[in-house]
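Next come the chains, spelled out residue by residue.
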Amino acid sequence: MNTLMRLSPQLHHWRTYCIKQCAAAGTEAAARGKPNYEEFIGSRHQQAQRSIVVQVSSEKSYNELYNYCSRFGRIVTVQHYSVQHEDELHYMLLEYASAGEASAAISSSAYNAELSGSGVPVRSPFLWFRAPTGGAGRRGQAKLAANQKTLALHTVNGTRSLSHEALKELLRGAAGIDQQLNLLYEQTRLNELGVRMRFIAALQVEQAISGMFPDALAQPFGSSVNGFGKMGCDLDLILRFDGKTPGTDQDSQREASRLIYHTKENLSNGRSQTQRQMECIGDMLHLFLPGVCHVRRILQARVPIIKYHHEHLDLEIDLSMSNLTGFFMSELLYMFGEMDPRVRPLTFCVRRWAQSCGLTNPSPGRWITNFSLTCLVMFFLQQMRQPILPSIGAMVKAANTADIRVTEDGINCTFARDMERVGFQSRNTSSLSELLLQFFEFYSQFDFHNRAISLNEGRALAKPDHSAMYIVNPLEQLLNVSKNVSLEECERLRIEVRNAAWMLESEVENATLSESERREQSWGLLNLFKHPEKSVIRPNMFFKPRMVEVSDLFDKSQTLAPTPPPVNYKNPT
Ligand code: GTP
Ligand code: MG
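Reference entry: report on the structure contained in this document. Model, not experiment: these values are computed from the prediction.

Details of the overall build of the protein
A count of helical and extended segments in the protein gives 23 helices and 12 strands. When each of the 573 residues of the protein is scored for burial, the buried share is 51%. In the protein, the share of contacts with a sequence separation of at least 24, taken over all contacts with a separation of at least 6, comes to 68%. Entry remark: accessible area of the protein is about 27500 Å², with carbon and sulfur atoms responsible for 53%.

Rendered as structure tokens:
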């Protein structure tokens, strides 16, 4: 019987969710060919348990490493990547057929004070491959010849995104804007290795503390898993001490057990308790975990986080312990991305456009975030005459008892996880380039002054307060996702969407360019991603009536001074 069905809704929090997730992962996904979010997360988590990351001196070590590591089990994939420090460091990510085999390889690892420096030995999936010593080395070499080339090595640049120049070249060679949109998505999205690396980073944290916290679970969320992540995106991680129980048979036995963990009573309130625990976990990561460096604690934020860099994965990580709605929000975005193949390429383009004109910025501030921008795209796709996405309200209506999720702080994250039950079918046949233009046109007309955006309703509502931009938080509907956005930034968004709409319309003229002309000049999305100052000097732009100035968009009755042009424009990476 399904664990979720047996429990009352109040008990359907994180722990039971994870039990179901682990049980369901893999099998259903394989049968349907398209995993749902829980299956996707579950199977990636299991894949990480079957994997190790070994630092080698170069790619040439592959055969020797493969041969050596085969003694612990059957290796199913090997991927090579490098990370640039002072020198180029090389790594092999090996996946075994089972978690037991990966564990055997880790258990066989030695501690060598000379090679490991003064560090304390820590069990982790990150290992070194040292040069062979004495007779063992010679035996290893002899066996190598017989076993060579048993598996193709995939060399992937796992951590770096395509250079701006390479991307430009690629987009120039496309057959049209639609192809440019697809190419941009395919070439810049997080690749297979990037996903694997992020789940290994999560597992490292989980395994490091599992002795003391047997039910701990470190779960990736955000753009690393929702399908909207680009190469090099950060990893958002949520750590729960009561996240899982190992193995489902054992789970049901444990649920019935009369022996209950004795635990320490919490003496302070929930938030300061979490902050203290995070401080402690932050120190532990900093002092003991291989690869973890530049640990920073940001404990006063609305969601306290520990930030760190992983040098073996070349990855920025944000670890939180109290952001379960963020996790379920990622599930919603994942589902939206899976519903229609146009959703992700369109969002990638909008995010890149916003980055290129300086509307988004990696540091938090009064500007729109990538998450809010993604919400704008989802809303646009919901409110169309022929919608491409359903409202969240429709997904909530179609939910059944197996979909009930309530976080520990009582936030209801229930919505149908099975799209067939939602019964939504889009009849919209617009091309990607048409949608992109419509997106810009829609927001250049949108009444941000009076209207709020509701993904729950799939339509605009009256704005409940005076925030410059109001996007109803889909899972906590009393909150505004874009509360941080200032009036100036909101106006700047409106200017930029108008300019983008104008520019895209004028790109129709370029449709007549010959293939060689296309190769020689910027066209299509390349003009959209141009540094704004450069795009403004295009001569014919001055004659276009739709090109607007910042001051045009201000309500003249207000005493606000016009916003100066942004100074922090960044080149796209
Ligand atoms: P990048 O990190 O910019 O690539 O995008 P991201 O989607 O990972 O955004 P971010 O790291 O800021 O947030 C991580 C995830 O937390 C998002 O994908 C959302 O699922 C969730 N999230 C962020 N902000 C909010 C919010 O205000 N409300 C809710 N419910 N979820 C949020
Ligand atoms: Mg993120």
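A few points about the packing of aromatic side chains
Going through the model one piece at a time under the given rule, you end up with 23 aromatic pairs. Aromatic side chains W353 and F440 sit 4.8 Å apart centroid to centroid with 65° between the ring planes, which places their arrangement in the edge-to-face category. Note that W353 is positioned in helix α15 (residues 343–356) and F440 in helix α19 (residues 432–445), a separation of 87 residues in sequence. The buried category is assigned to W353, whose relative accessible area is 2%. Taking relative accessible area as the criterion, F440 reaches 0% and is therefore assigned buried. Aromatic rings pair up to connect W353, F379, F380, F439, F440, F442, Y443, F446 and F448 into one cluster. The ring centre of F228 lies 5.5 Å from the NZ or CZ of R344, which sits over that ring. Across the ring face of Y334, the terminal group of R344 is positioned such that the distance to the ring centre comes to 5.6 Å.

A look at the sheet that holds strand β9 (residues 305–310)
Consider a sheet: its strands pair through backbone hydrogen bonds, and that pairing is either parallel or antiparallel. The strand order β6-β7-β10-β9-β8 describes an open sheet built from 5 strands, whose pairing is mixed. A strand with exactly one partner marks an edge of an open sheet, and here the two such strands are β6 (217–221) and β8 (292–298). Sheet twist, expressed as the average angle between the axes of neighbouring strands with direction ignored, equals 25°. Bridge count for β9 against strand β10 (residues 315–320) is 6 bridges, and the pairing is antiparallel. Note that in β10 the partner of H310 across the bridge is L315.

Thoughts on helix α11 (residues 192–208)
With 17 residues, α11 extends 25 Å between its outermost C-alpha atoms, agreeing within 8% with the 24 Å of an ideal straight helix rising 1.5 Å per residue. Extensive coverage of α11 is indicated by the burial of 14 of its 17 residues.

Remarks on a nonpolar patch on the surface
Judged by side-chain polarity, V120, L287 and F288 come together as a nonpolar surface patch covering roughly 310 Å² of accessible area. Turning to its location among the elements, F288 is positioned in helix α13 (residues 270–288). Take F288: its relative accessible area is 40%, and that puts it in the partly exposed class.

Looking at the coordination of the magnesium ion (ligand 2)
Around the magnesium ion (ligand 2), the protein contributes the donor atoms D234 (OD) and D236 (OD), at 2.2 to 2.5 Å from the metal centre. Relative accessible area serves as the criterion here: at 27%, D234 is assigned to the partly exposed category.

A short note on the pattern of salt bridges
Tallying each qualifying case throughout the model produces 21 salt bridges. Between R405 and E38 there is a salt bridge, and its shortest N-O distance comes to 2.3 Å. With R405 in the loop between α17 (392–397) and α18 (419–422) and E38 in helix α4 (residues 37–49), this residue pair connects regions lying 367 residues apart in the sequence. Note on R405: relative accessible area 1%, which makes it buried. Residues participating in the shared-partner salt-bridge network are R44, R50, E95, E192 and R196.

Here we look at the site of ligand 1
Around ligand 1 there are 14 residues in total, and S223, D234, D236, N370 and N473 lie nearest to it. With respect to ligand 1, the backbone of G326 contributes an N or O atom lying 3.1 Å from an oxygen atom. Expressed as a share of its isolated accessible area of 610 Å², the protein-covered part of ligand 1 is 79%. Contributions of two or more residues to the shell around ligand 1 are made by α14 (324–339) and α16 (370–383). The greatest single-element share of the shell around ligand 1, amounting to 3 residues, is contributed by α14. Considering only residue class, the shell around ligand 1 consists of 4 nonpolar, 7 polar and 3 charged.

Notes on the pairing of strand β2 (residues 75–84)
For β2, the tally of buried residues reaches 7 of 10 residues, placing the bulk of the element in the interior. With 9 bridges joining them, β2 and strand β3 (residues 88–96) adopt antiparallel strand pairing. Each residue of the ladder has a partner; that of V78, found in β3, is L94. Between β2 and β3, which follow one another and run antiparallel, lie 3 residues.

Conventions adopted
- Residues numbered from 1 in each chain as written.
- Chains lettered and ligands numbered in written order.
- Predicted model: local features only at pLDDT ≥ 70, side-chain atom pairs only at ≥ 80, totals over all residues.
- Heavy atoms only, no water.
- Helix = DSSP H or I, 4+ residues; strand = E, 2+ residues; numbered from the N terminus.
- Buried < 20%, exposed > 50% of the residue type's maximum accessible area, 1.4 Å probe, protein only.
- Contact = heavy atoms within 4.5 Å.
- Areas by Shrake-Rupley, 256 points an atom, 1.4 Å probe, with all protein chains shown as cover.
- Phe/Tyr/Trp six-rings, centres within 6.5 Å; stacked < 30°, edge-to-face > 60°.
- Lys NZ or Arg CZ within 6 Å of the ring centre and 35° of its normal.
- Pairing = 2+ DSSP bridges.
- Axes fitted to C-alpha atoms, helices over the stretch in contact; angles between N-to-C directions.
- Expected span 1.5 Å × (residues − 1).
- Patch = residues over 30% accessible without salt bridge, like charges linked within 9 Å, V, L, I, M, F, W, Y side chains within 5 Å.
- Salt bridge = Lys/Arg side-chain N within 4 Å of Asp/Glu carboxyl O.
- Donors = N, O, S within 2.8 Å, 3.2 Å for Na, K, Ca; no water.
- Near = heavy atom within 4 Å.
- Polar contact = N/O pair within 3.5 Å; in protein donor to acceptor, adjacent residues only side chain to side chain.
- Nonpolar A, V, L, I, M, F, W, Y, C, P; charged D, E, K, R; others polar.

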